[in-house]
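# Observations on the model geometry
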Amino acid sequence: MNMNDLKNSKAPVSTVTINKNEFDAPTGNIYEAISIASKRAVQINSEIKKELLEKLEEFATYSDSLEEVFENKEQIEVSKFYEKLPKPHALAVDEWLADKIYYRNTAKDL
């Protein structure tokens, strides 16, 4: 997932009620569907965190100077951008409902 995907995501930023029957339709089991979406949310969160840390590392200074004040403004802008993004669980649910998550049940494959 890249930044353009995050910017263009139609995932809601606020709470939205989802039809249970629509959510668990692919698996037929609400607990399995939630588990799959949850695991995807963890993946999305780690991708976002890694990307944010890489961007913030660009602003890291190891000496105190007057330039630090200006760099902090840029750092704050980057942080604000990431704060405005939809939350990972909302992105995962959006992907699940759009049938963009591949999953398989190995117990059923036996």
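Before reading on, note that the structure itself is shown above.
Let me sum up the structure you'll find in this document. On a predicted model such as this, the values are computed, not experimentally measured, just so you know.

About the cut-offs
Residues numbered from 1 in each chain as written. Predicted model: local features only at pLDDT ≥ 70, side-chain atom pairs only at ≥ 80, totals over all residues. Heavy atoms only, no water. Helix = DSSP H or I, 4+ residues; strand = E, 2+ residues; numbered from the N terminus. Expected span 1.5 Å × (residues − 1). Buried < 20%, exposed > 50% of the residue type's maximum accessible area, 1.4 Å probe, protein only.

## Observations concerning helix H3 (residues 30-57)
Note on helix geometry: an α-helix contains 3.6 residues per turn, so any two residues three or four positions apart are oriented the same way. Between its terminal C-alpha atoms H3 stretches 40 Å, which fits the 40 Å expected from 28 residues at 1.5 Å a residue. The complete set of buried residues in H3 reads Glu32, Ala33, Ile36, Ala37, Arg40, Ala41, Ile44, Ile48, Glu51 and Leu56.

## Things to note about helix H5 (residues 88-97)
With seven of its ten residues buried, H5 lies for the most part within the structure. Along H5, the residues that are buried comprise Pro88, Ala90, Leu91, Ala92, Val93, Glu95 and Trp96. Among the residues trailing H5, Asp99 stands out with phi positive, at a value near 60°.

## Quick look at unusual backbone geometry
Positioned with a positive phi, Asp99 is a non-glycine residue whose angle comes to about 60°. Note that Asp99 resides in the loop between H5 and helix H6 (106-109). When its relative accessible area of 60% is taken as the criterion, Asp99 is described as exposed.

## Notes on the environment of Lys39
Among the structural elements, Lys39 can be located in helix H3. Looking at Lys39, the relative accessible area reads 56%, which means it is exposed. Taking the C-alpha atoms as reference points, Lys39 and His89, separated by 50 residues in sequence, lie 9.3 Å from one another.

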